[in-house]
Amino acid sequence: MFTKNTYIQRRAELKQLVGEGIVLLFGNNESPCNYPANGYAPFRQDSTFLYYFGQHRDGLVGVIDIDNDEEWLIGDDIDVEDIVWMGFTPSVSDLAAEVGITKTAPMKELEKIVNRKSSNSKSVHFLPPYRHDTKIQIMDLTGIHPSKQKEAASLALIKAVVKQRATKSAEEIACIDAACDVGYEMHTTAQRLIRPGVTERFIAGQVDGIARSLAQGNSFATIFTQHGEIMHGTPSDSPLEDGRLVLCDAGCELNDYCSDHTRTMPVNGQFTQRQLEIYSIVEECHDHVLKVARPGVKYQEVHFAICRLMAERLKELGLMKGDLDEAVRQGAHAMFLPHGLGHMMGMDVHDMEGLGQIYVGFDEETRPNLEQFGTNCLRMGRRLQPGFVVTDEPGIYFIPALIDEWRASGHCKDFLNFDMLEQYKDFGGIRIEDDLLITEDGCRFMGSKRIPYQSKESRN
């Protein structure tokens, strides 16, 4: 938690941005894994609730009555039977006082409070829900069916939350830097363990253990796989094989803020010539972002600058051909890079994605292209501002099914050497990812230590 004044100021700014009505911010409830008493652990609070109310306990709802300038923390106190199993838990009034709130009520009073206030208010604002129990709460309070709640969510509240959470304060930046330092320990642990014969699952388990030992846990399920061409490949029992590449995409949560890094390494510690050629392109693209990402530049423009550089280098290898500007315009580069360069990051590893990517990564000036393959996966395109934290994660992937489909249809045949692509179907994929803070005059990577990623040739 930050200081009481941090939460008071955040809620005050939220009230100014939304302007009128009553705001409902739902904390998360415990979620059962396979029976009610066996919940998913550790408990994860809703990020927006945390941002404004700071408390990690389950079963809470924050109410902000803008018109009457009232703030409530709603929830039930823990009884003695729960204390026997869970230990002492502060009262709801004590939790409220810690974040500068004076009004509290048990959960049974929530409907009465909302109905009493909303009768005198213009709007009831809530965010798009992502848990089914929250959807039921909203239906009970408003009568809006769960299937209609995404569309009924308050655009004014969404935009206000995005505006506040997108720009990180100095204390938030310090939290992300610290999480990235734990990320360093996670990835360097993996790098020390990688060798032929060790299973993917074993190394991923060691990586996850670091996140649980030094932080609150993982910021997302660890991706550790020799099939780097699969964007979200999960660890298997397969042993690491001599001559292959293995990709590790992992991060942690520390003090409610995330890290997210990716490294790709040769299992035997030595790149083949073909692997090094592709790896060096990804490395150059990754480093080029540092030169071009700065306030006022659209991240969409940075993305396409990387796509153009990648296409140029792939043409030098013979994998691409023709007019490269036209190739990028038509999306030929998406054969190799079918995702965007990066995404917002903060309290969520894909920060605020649940509020709608069109509001988080885009705005009225910069709109997404949802029609073109690859470009439709660009999560961040808007102009960069100081305090933004974004990921820098270029990659090159050789996806056999995609190669076959494009070859059969002739898609982008003027820009792709399909005969040569056939020879790379067994290659896998490479991604290098770091977390980037936009500063007043440029950008910097986050964390005090850089996870090794440079090929031996680039270090000499």
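Residues numbered from 1 in each chain as written. Predicted model: local features only at pLDDT ≥ 70, side-chain atom pairs only at ≥ 80, totals over all residues. Heavy atoms only, no water.

Asks: Can you tell me about the nonpolar core, naming the residues and giving the values?
Replies: Within the largest apolar cluster, 112 residues are counted, with the highest numbers of intra-cluster contacts made by Leu 14, Tyr 299 and Phe 336. Core analysis: the second largest hydrophobic core is formed by 21 residues, Val 182, Val 207, Cys 248 and Leu 254 among them. (Core = buried A, V, L, I, M, F, W, Y, C linked by side-chain atoms within 4.5 Å. Buried < 20%, exposed > 50% of the residue type's maximum accessible area, 1.4 Å probe, protein only.)

Asks: How would you summarise the sheet that holds strand β11 (residues 252–254) if you had to cite specific residues and measurements?
Replies: Strand order in this open sheet of three strands is β8-β11-β12, and the pairing throughout is antiparallel. Looking at the sheet topology across the chains shown, the edges are occupied by β8 (217–218) and β12 (257–258). By the bridge criterion, two bridges tie β11 to β12 in an arrangement that is antiparallel. Within the sheet, the bridge partner assigned to Glu 253 lies in β12 and is Cys 258. Across the face of the sheet, helix α9 (residues 170–193) comes into contact with β8, β11 and β12 while running at roughly 140° to β11. (Pairing = 2+ DSSP bridges. Helix = DSSP H or I, 4+ residues; strand = E, 2+ residues; numbered from the N terminus. Contact = heavy atoms within 4.5 Å. Axes fitted to C-alpha atoms, helices over the stretch in contact; angles between N-to-C directions.)

Asks: Explain the environment of Ala 215 to me, and be specific about the residues and the numbers.
Replies: Mapped onto the elements of the fold, Ala 215 is located in the loop between α10 (200–214) and β8. The exposure class assigned to Ala 215 is buried, which follows from its relative accessible area of 15%. Separated by 165 residues in the primary sequence, Ala 215 and Met 380 have C-alpha atoms spaced 27 Å apart. If sequence neighbours within four positions are ignored, Ala 215 has contacts with Val 182, Ile 210, Cys 252, Glu 253 and Leu 254.

Just geometry here; none of it tells us what the structure is for.
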